[in-house]
Each structure stands twice: as C-alpha cells, then as structure tokens.
Amino acid sequence: MRKLQLLVMSGEEDGPARAVPPPVAAEAALRPLEEAMARLRREASEIRAAVAAYDSVYSEGRGRTRESLTVVHGKRAIHHALEAAAHRCATEVLVAQPGGGLPAELLQRGLALSLPLLARGVRQRTLYQHSARTHKPTLAHVEQLLEHGAEVRTLAEMSDQLIICDEDVAFLPSAEDGGHAMLIATHPDLVRYLRVMFERSWAQAAPVDPSASRRPDSPFMTDLQRTILRAVVEGETDERIARRIGLSRRTVVSHIRKVAEHFGSNSRAQLGFLLAGSGLLDDGVAPAGAPEPSPGRARRSASGGPEDRAEDGAEDRAEDGAEDRAEGGTAPHRPASPFTSD
C-alpha cells in the first residue's frame, strides 16, 4: 500500500500510519509515469517529423530511377521490347528455350534478328532441350546460327525460358495476361544471378552437331531416355514428364511402355522399383537394356525426310495443344527464338 501511496507514516516515532484518499494516492503514483510517457511521445513525434522531411527527397529520387522489374503485355509490345534489347546488345546474348521444335516461320523471324547481332561480333549462346534435335526446322535454324558463329547446346530438361542481353537486361515469361506477357528485369543483382544459372546449365549441356543429331543412335537419346526413366522413379505423371523434356505425352507413354515390357512390369509402381534397383539410371551407365526409340521414328530421324519430320512435329504439337486444353491450363508466352514473339 505504501508503494501505491495509499499509506503515509505519521510524524511521531512508532506512530500509526495514516490512510491517503485513493484519488490523491493515484495522482502521486501516476504523475511520474505520465510525465515519462509524455516525454516519449514528444521524442517519437520529433523522430517522425525528421523522417518525414526526407520522404519527398526519397520519392523524387525514386521517380528518377528506372523500375528494375517491368511486365510487358501483348505480342507486339513484347516483340518491340526484345527488338530494342537486340539493338542495344553489345557483347553477348544468352538464350534458354525449353520445349521441343518450333514453327519454321517463327524461327525465321528470330534468325532475322540473330544474324545482325552475330555480324556485329555479339556472341550468342543458345540452349535447347534434347527433344529439339529431332525437329528438322529447328535443326535448320541451328545450322544457320552455327554457320554465323553462334554456339548451341542442348539439355535433357531445363527451367523456363530466359533471354539475357549483356549484363543489363533479362526477359522471363510472366503468368499474367494468360501467359501472353513477359517480365523485364534490369536489377544488376537479379541479372547476375540469372547469368550464373545459365552458365551452370551451359556447362552441363551437349554441343549440337546437326548431322549427328539426325542419327538414331545419337548420344543425346540415351540422356533423354534416362531422364524419362528417372522421372518415373520419382513418381512423375506422363503429362509432367512430357512438359519437362519437351516431348508429347504420346512419345513418353510409348517409351515407358517399352521399358515396362522389357522389365516385365505390370504396374507403374513396380516399374519404378525395378528401375531404381537396376543400376540403369546411375550416372555414366549407358542404358544397354533399355529400348531405343521406336523403329519407325528412328528411321524417320535417320532419313531426315521433310514429310516425316513435319508429320512428327505436327503430331506432337497437336497432341500437346490438346493436352493443354484438356487440363485447362495455358503455357506461358515463349518467344520462338532470341527477340521473337509469336
């Protein structure tokens, strides 16, 4: 009670304590606290006013700074943005294009912008997936790029599309606007990070030899097969595997069925178990027991006939489009080639 100022001692030694009226005691106990709180409020107000004085300066500075992330909508706007980046590019352009082959018309439009870059001495490095090697228009596109000094490699699978010009700007697909949009990144740290990711993929990729890619026994086929089988062991669906490696679901299902027949498997789970214990998927081990691509497809790849190639590409693209519509999804917008949008 003494702490609450409700009692006060009398002036006499050993005298009785006197009660203090509660309102008076409250005033005595709370006044120091209220004074301290008032002082803190004044200090907080002073700090807030000091910070606010810099708000206009900060806003003005931000207004003069270019946004480091911008979303561009629409095919025409995307094409103009990519075209402007191509004209500004002075040293190197990096391109990662997932999926299989692309329409010849779009590849030609990309080539029209790539060749002037290469003529100016700009280095161009392009990554495709292995599945693009079986598409004749894409191989013809690659041959022309290689003839003019570009470098092209392929991987079994890669992440989404990426275009980087010098160390200044990067283009990435955006999910906005039904996938018909691209994200333009100019923040130096982000562009640097994306370049590092590209370099890691580039180091693992295989250089493209168009003549070798037409042979049915091309080394990339074993890499592609191994990727499919690893995905089966990981429990991936046929649809997801097809999207990862850029082939149609039909082709993936056909390959998995042949492997299942080879192992005598009666279920997907059993096939995954048998594959995991077979040693077939160990790095550096060629899939000697695994079936090669179907003879008909191999013969078409070996002969390189335009009609056969076109038929394969049309079937794959038609089936992929039907699967996309059935799943109700829309793939992100992907320019066909450096600086080209469809």
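Residues numbered from 1 in each chain as written. Predicted model: local features only at pLDDT ≥ 70, side-chain atom pairs only at ≥ 80, totals over all residues. Heavy atoms only, no water.

A. Region of interest: the packing of helix H4 (residues 104–119) against helix H5 (residues 136–147). In the contact formed by H4 and H5, the axes pass within 10 Å of each other and the chain directions differ by 10°. Relative to H5, the element H4 lies roughly parallel. Of the residues in H5, those touching H4 at Ala 104, Leu 107, Gln 108, Leu 111, Ser 114, Leu 115 and Leu 118 are Pro 137, Thr 138, His 141, Gln 144 and Leu 145. A per-class count over the contact of H4 with H5 returns seven nonpolar, five polar and no charged. (Axes fitted to C-alpha atoms, helices over the stretch in contact; angles between N-to-C directions. Helix = DSSP H or I, 4+ residues; strand = E, 2+ residues; numbered from the N terminus. Parallel < 35°, antiparallel > 145°, perpendicular 65-115°, else oblique. Contact = heavy atoms within 4.5 Å. Nonpolar A, V, L, I, M, F, W, Y, C, P; charged D, E, K, R; others polar.)

B. Focus on the sheet that holds strand S3 (residues 69–73). What the eight strands build is an open sheet, ordered S3-S9-S8-S7-S4-S5-S6-S10; its pairing is mixed. One side of each edge strand has no neighbouring strand; the edge strands of this open sheet are S3 and strand S10 (206–207). Taken together, the four bridges between strand S4 (residues 92–97) and strand S7 (residues 162–165) define a ladder with antiparallel strand orientation. When the bridges of S7 are listed, Val 93 appears paired with Cys 165. Along the sheet face, helix H6 (residues 188–204) touches S3, S4, strand S5 (123–129), strand S6 (151–155), S7, strand S8 (169–174), strand S9 (181–185) and S10 and points at about 65° away from the line of S5. (Pairing = 2+ DSSP bridges.)

C. Quick look at empty space enclosed by the protein. The full count for this structure, using the stated rule, is one cavity of 30 Å³ or more. Estimates place the volume of the largest cavity at around 40 Å³. As for the largest cavity, its lining consists of Tyr 128, Ala 132, Arg 133, Thr 138, Leu 139, Val 142, Thr 154 and Val 208. Among the elements that make up the lining of the largest cavity, the one with the highest residue count is H5 (three residues). Its residues placed into classes, the lining of the largest cavity shows five nonpolar, two polar and one charged. (1 Å grid on protein atoms, 1.4 Å probe; cavity = no way out; pocket = protein on both sides within 12 Å on 5 of 7 lines; lining within 4 Å. Points joined across faces, edges and corners; volume = space filled by probe spheres on them.)

D. Quick look at H5. Its twelve residues place the ends of H5 16 Å apart at the C-alpha level, agreeing with the 16 Å of an ideal helix rising 1.5 Å per residue. If you check which residues of H5 are buried, you get Thr 138, Leu 139, His 141, Val 142 and Leu 145. All buried residues of H5 lie within an arc of 160° about the axis, which places them on one face of the element. Residue Gly 149 follows H5 closely and has a positive phi angle near 105°. (Expected span 1.5 Å × (residues − 1). Buried < 20%, exposed > 50% of the residue type's maximum accessible area, 1.4 Å probe, protein only. Arc of directions from axis to C-beta.)

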